[in-house]
Amino acid sequence: MVPLLSLLVCSATAALSLSTGLLEARQSWTLGYWAHEFQNYGCKPIIFIWAKATIEPGNMGLTVGPRLSDGLKLVFGPANVATQGVDYWGFIETNFYPGGAPPWGIFQMRLLLSAAAACPYSKIVAAGYSQGAALTHRAIEGLPRAVKDKIVAVVTFGDTQTWQDGGRIRNYDTNRTLIICNAGDAVCTGTLYVFPVHFDYIKWVPTATYYLTTKLLDDAAVRPWPDGSFVFPNVTIPVQPPIPYPPQPAAVDETAVLRGLYASPEALP
């Protein structure tokens, strides 16, 4: 797959046109394992809520989360994106809670999403990886409709609830959902058997960035940011990377998955 920086080079030039010296501390790239930009600094035009995988450090982890955050900031500009990780302890054992995630983590993510939805001009996107994907399912499915309507799009990686929830997030629009599962990743077939392919999701970051970007711009065309609230960096959409087959509203059986319903990048045109 083409590297993220190559895919977003056109957007990066515009997004970084702001002088680095003029950026405030809160208008920065995602450094380290933690991000509390929404909690610390409040509403921004785009609020990105992330749920990390099992036993990853901090609240962002060290694999998909920081890269996806910076992918969005590369397109829209760091000043316009507030990245917020969900503060939860994702132990191996907490995968066995009903629904695949611990209650305290679900509660924390619901609080963050509900608070973000109170920002009048913000657009929310959310994502999660592995146990964090389960957390995303459970947090979003029980939200009030008014809050769900403010969530522009959701992406999950190595989603442990893919099979259980029929290839979708319950009670949420499938047209705003992208579930990414590598071929051969057993956690996407209703088990918790973890093989090396489960740790190979960084390659999908360009696809997720593209998906979230297009959904945000589609929403902005209908509900534009008010004048002056968004420092728009003349976004140029990157060349479209491979998009996995969309989640299916009907129940997904294990046989269909094994036949390549969730294909690897190499199997896609």
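All figures in this text were calculated on a predicted structure; none of them were measured in a lab.

*Asks:* For this particular structure, what's the right way to read the overall build of the protein?
*Replies:* Within the protein, the regular secondary structure consists of nine helices and five strands. When its helices and strands are written in sequence order, the protein yields α-α-α-β-α-β-α-β-α-α-β-β-α-α. The buried share of the protein, reckoned over its 269 residues, is 56%. Here the analysis covers contacts within the protein between residues at least 6 apart in sequence; of these, 78% occur between residues at least 24 apart. Surface exposure of the protein reaches about 11,500 Å², of which carbon and sulfur atoms provide 61%.

*Asks:* Would you mind going over the pattern of salt bridges with me for this structure?
*Replies:* Pairs can form between side chains of opposite charge once their charged atoms are near each other. All told, the structure shown has nine salt bridges when counted by the stated rule. For Asp165, the salt bridge identified is with Arg170, shortest N-O distance 2.9 Å. Of the charged contacts in the structure, one is a salt bridge between Lys203 and Asp200, with a shortest N-O distance of 2.9 Å. Overall, Asp200 belongs to the partly exposed group, its relative accessible area being 35%.

*Asks:* Is there a simple way to explain the packing of aromatic side chains in this structure?
*Replies:* Where two aromatic rings form a pair, the distance of their centres and the angle of their planes describe that pair. A full pass over the atoms with the stated rule returns seven aromatic pairs. Each ring, one from Phe76 and one from Phe230, has its centre 6.3 Å from the other, and the planes form 75 degrees; the classification is edge-to-face. Remark: Phe230 occurs in the loop between α8 (205-222) and α9 (254-261) and Phe76 occurs in helix α4 (residues 64-76); sequence separation between them is 154 residues. Just as Phe76 is buried, Phe230 falls in that class too. A cation sits over an aromatic face here: Lys52 above Tyr88, 5.8 Å from the ring centre. One cation-aromatic arrangement involves Lys123 over Trp225; the distance from NZ or CZ to the ring centre is 5.2 Å.

*Asks:* Hey, could you run me through α4 in this one?
*Replies:* Helical geometry note: an α-helix holds 3.6 residues per turn, so side chains three or four residues apart project in the same direction. The terminal C-alpha atoms of α4, which comprises 13 residues, lie 18 Å apart, in line with the 18 Å expected from a rise of 1.5 Å per residue. With respect to burial, α4 is a largely interior element, eleven of its 13 residues being buried. Here α4 has its buried residues at Val64, Gly65, Pro66, Leu68, Ser69, Gly71, Leu72, Lys73, Leu74, Val75 and Phe76.

*Asks:* Would you explain a nonpolar patch on the surface in this entry?
*Replies:* A contiguous nonpolar patch, built from Ile55, Ile92, Phe96 and Leu192 and spanning about 450 Å² of accessible area, is present on the exposed surface. Tracing the sequence through the fold places Leu192 in the loop between β5 (177-180) and α8. Residue class for Leu192 comes out partly exposed when judged on its relative accessible area of 37%.

Conventions used here
Residues numbered from 1 in each chain as written. Predicted model: local features only at pLDDT ≥ 70, side-chain atom pairs only at ≥ 80, totals over all residues. Heavy atoms only, no water. Helix = DSSP H or I, 4+ residues; strand = E, 2+ residues; numbered from the N terminus. Buried < 20%, exposed > 50% of the residue type's maximum accessible area, 1.4 Å probe, protein only. Contact = heavy atoms within 4.5 Å. Areas by Shrake-Rupley, 256 points an atom, 1.4 Å probe, with all protein chains shown as cover. Salt bridge = Lys/Arg side-chain N within 4 Å of Asp/Glu carboxyl O. Phe/Tyr/Trp six-rings, centres within 6.5 Å; stacked < 30°, edge-to-face > 60°. Lys NZ or Arg CZ within 6 Å of the ring centre and 35° of its normal. Expected span 1.5 Å × (residues − 1). Patch = residues over 30% accessible without salt bridge, like charges linked within 9 Å, V, L, I, M, F, W, Y side chains within 5 Å.

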